[in-house]
Amino acid sequence: MKRLILVLVLLLGAIVIGSLIAKLPVGSRIAVIKVDGIIIDPDPVVKKIEKAKKDDSIKALVLRVDSPGGSVGASQEIYRALERFKESKKPIVVSMGNVAASGGYYISIPADYIYANSGTITGSIGVIIQHMDYRELLNRIGVKTTTIKTGKFKDILSPFKNLTDEEKEYLKNTVEDAYNQFVSAILKYRSGKISEEKLRSVADGRIMTGLMAQKVGLVDGLGNFEDAIDKAKELAGVKEARVFYMEEGKSLIRRFFGADLSGFYLNYYPTMTYYLMK
């Protein structure tokens, strides 16, 4: 029994020491940044990307994406952070998990190589704005609302009114503008792999498996996370590099609940424009 305890202690010590060594900014390292859940708050991911850019020991970045997307602005923040990272001439490899759709695909675009599993759900290229109308419900319980505004479009997505034809047209134009930004973002990095005509033919909100996405040129290869690590080492020319997970420090409330609060923020901001798989 004592020998077993000693072995377990030594094993645990080796794991802890190995983890600490991996975090030391020495030698050559491959940084891993995870993007999980709905993309609403980009700041933690952006800060990690910027930190990896400045760290000379980090030779490449693997972005592990498992997300159905999120708000347009947040997705674009991460996309731009990855563009800034590329200024360091360090390669980026994306590893798609279960889902990397809509905004999850958007943030993958700047990568030098995109891996998906054959069954990964990706695609869903498009934009969505939703409007809810609570008037009938409020009328039943005797609640009335009064709106005082400075312009005709100021309360355009208020749930206490119906959308006029003019408002619907304005929202349609807004969505089209965000959609064209999505298409342009893809063509900026993948025009040699998919034509604009082909892209627009599949960029209608449809989801695809990783295999389908590879066939049309939206991803580069089929493989798992380990394949992405190997590709990052190959592109960076550092076969013996150590893998370094850039983990986020969780707040007390997140540790207490042990959950991702992105769904809460999605409900808190019901009027945002989304690159989100529905």
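To start, this report covers the structure provided alongside it. Along each chain, numbering runs from 1 in the same order as the chain's sequence is written. Local features in a predicted model are, by the rule used here, given only for residues with pLDDT of at least 70; side-chain atom pairs are given and counted only at 80 or more, and totals for whole chains, interfaces and linings are based on all residues. Each side-chain value is derived from all of the structure's non-hydrogen atoms; neither hydrogens nor water enter the calculation.

Quick look at the overall build of the protein now. For helices the rule is a DSSP run of H or I covering at least 4 residues; for strands it is a run of E covering at least 2, with both sets numbered from the N terminus onward. Summing up its helical and strand segments, the protein has 11 helices and 10 strands in all. Across the 278 residues of the protein, 42% fall into the buried class. In the protein, 77% of the contacts between residues at least 6 apart in sequence involve partners at least 24 apart. A total accessible area of about 15800 Å² is found for the protein, and carbon and sulfur atoms account for 56% of it. A 1.4 Å probe rolled over the protein chains alone gives each residue an accessible area, and that area as a share of the maximum for its type sets the label: buried under 20%, exposed over 50%, partly exposed in between. A contact between two residues is defined here by any heavy atoms of the two lying within 4.5 Å. Where accessible areas are quoted, they stem from the Shrake-Rupley method and a 1.4 Å probe; at the residue level, only the protein chains shown are allowed to cover.

This brings us to the pattern of salt bridges. When a carboxyl oxygen of Asp or Glu lies within 4 Å of a side-chain nitrogen of Lys or Arg, that pair is called a salt bridge. Tallying each qualifying case throughout the model produces 16 salt bridges. The partner of Lys149 in a salt bridge is Asp155, with the nearest N and O atoms 2.8 Å apart. Residue classification places Lys149 among the partly exposed positions, given a relative accessible area of 39%. For Asp155, a relative accessible area of 13% gives the class buried. Here Arg206 and Asp204 are joined by a salt bridge, their closest N and O atoms 2.8 Å apart. Note on Asp204: relative accessible area 48%, which makes it partly exposed. Bridged by salt links that share partners, the residues Arg80, Glu83 and Lys188 form one connected network.

Pairs of aromatic rings are described using the distance from one ring centre to the other and the angle between the two planes. Ring geometry is summarised as follows: Phe, Tyr and Trp rings, the Trp one being its six-membered ring, pair when their centres sit within 6.5 Å, and such pairs are stacked at plane angles under 30 degrees, edge-to-face over 60 and tilted between the two. All chains considered together, the criterion is met by six aromatic pairs. Between Phe153 and Tyr170 the ring centres are 4.6 Å apart and the planes differ by 15°, which places this aromatic pair in the stacked class. Within this pair, whereas Phe153 is found in the loop between helix 5 (135–140) and helix 6 (165–190), its partner Tyr170 is found in helix 6, the two being separated by 17 residues in sequence. Tyr170 gets classed as partly exposed once you look at its relative accessible area, which sits at 41%. By definition here, charges over rings are those cases where NZ of Lys or CZ of Arg is within 6 Å of the ring centre and within 35 degrees of the ring normal. Taking the ring centre of Tyr113 as reference, the NZ or CZ of Lys231 above it sits at 4.6 Å.

Right, let's get into the packing of helix 3 (residues 72–86) against helix 6. All axes are obtained by fitting lines to C-alpha atoms, using only the stretch in contact for helices, and the reported angles, taken between N-to-C directions, cover 0 to 180 degrees. At a minimum axis distance of 13 Å, the contact between helix 3 and helix 6 shows a crossing angle of 20°. Comparing their axes, helix 6 and helix 3 come out roughly parallel. The element helix 3 and its partner helix 6 pack so that their crossing is left-handed. In this structure, helix 3 contributes Gln76, Tyr79, Glu83 and Lys86 to the contact, and helix 6 contributes Gln181, Ala185, Lys188 and Tyr189. Of the residues that constitute the contact of helix 3 with helix 6, the class distribution is three nonpolar, two polar and three charged. Angles below 35 degrees are treated as roughly parallel, those above 145 as roughly antiparallel, those between 65 and 115 as roughly perpendicular, and all remaining angles as oblique. Helix crossings are classified by the rotation of the near helix relative to the far one: an anticlockwise turn of less than a right angle makes the crossing left-handed, while a clockwise turn makes it right-handed. Note on residue categories: nonpolar means Ala, Val, Leu, Ile, Met, Phe, Trp, Tyr, Cys or Pro, charged means Asp, Glu, Lys or Arg, and polar means any other residue, Gly included.

Once that is clear, we can look at a nonpolar patch on the surface. On the surface, a nonpolar cluster with roughly 380 Å² of combined accessible area is contributed by Met132, Tyr134, Leu137 and Phe160. Position of Phe160 relative to the elements: it lies in the loop between helix 5 and helix 6. Nonpolar side chains (Val, Leu, Ile, Met, Phe, Trp, Tyr) within 5 Å and like charges within 9 Å form the patches, drawn only from residues with over 30% relative accessible area and no salt bridge.

Here, expected helix span is obtained from the residue count minus one, scaled by 1.5 Å. Taking 1.5 Å as the rise per residue, helix 6 with 26 residues should run 38 Å; its terminal C-alpha atoms sit 37 Å apart, in good agreement. Taken residue by residue, helix 6 has Glu167, Leu171, Val175, Ala178, Tyr179, Phe182, Val183, Ala185, Ile186, Leu187 and Arg190 as its buried positions. In this structure, the buried side of helix 6 is in contact with helix 3, helix 4 (103–106), strand 5 (113–116), helix 7 (196–202) and strand 10 (274–276).

A few words on the nonpolar core. Leu199 and Leu218 are the most contacted members of the largest nonpolar core, which has 51 residues in total. If sequence neighbours within four positions are ignored, Leu218 has contacts with Tyr105, Ile114, Ile125, Ile186, Arg190, Ile194, Leu199, Met208 and Ala213. The nonpolar core is taken to be a set of buried Ala, Val, Leu, Ile, Met, Phe, Trp, Tyr and Cys residues, with the residues joined through side-chain atoms within 4.5 Å.

Before going further, it helps to spend a moment on unusual backbone geometry. The phi torsion of most residues other than glycine is negative, and most of the peptide bonds are trans. Despite not being glycine, Lys89 shows a phi value in the positive range, around 70°. Positive phi values are uncommon outside glycine, yet Ser102 reaches one of about 50°.

Attention now moves to helix 2 (residues 43–54). When the terminal C-alpha atoms of helix 2 are compared, their 17 Å separation across 12 residues agrees well with the 16 Å that a helix rising 1.5 Å per residue should span. Contact partners of the buried residues in helix 2: strand 1 (29–36), strand 2 (58–67) and helix 3.

Relative to the helices and strands, Lys161 is located in the loop between helix 5 and helix 6. Here the side chain of Lys161 touches Glu167 through a polar contact of 2.7 Å, side chain to side chain. In protein, a polar contact means a hydrogen-donor-capable atom and an acceptor-capable atom, both N or O and within 3.5 Å, with residues adjacent in sequence counting only if both atoms are side-chain atoms; elsewhere, any N or O pair within 3.5 Å suffices.

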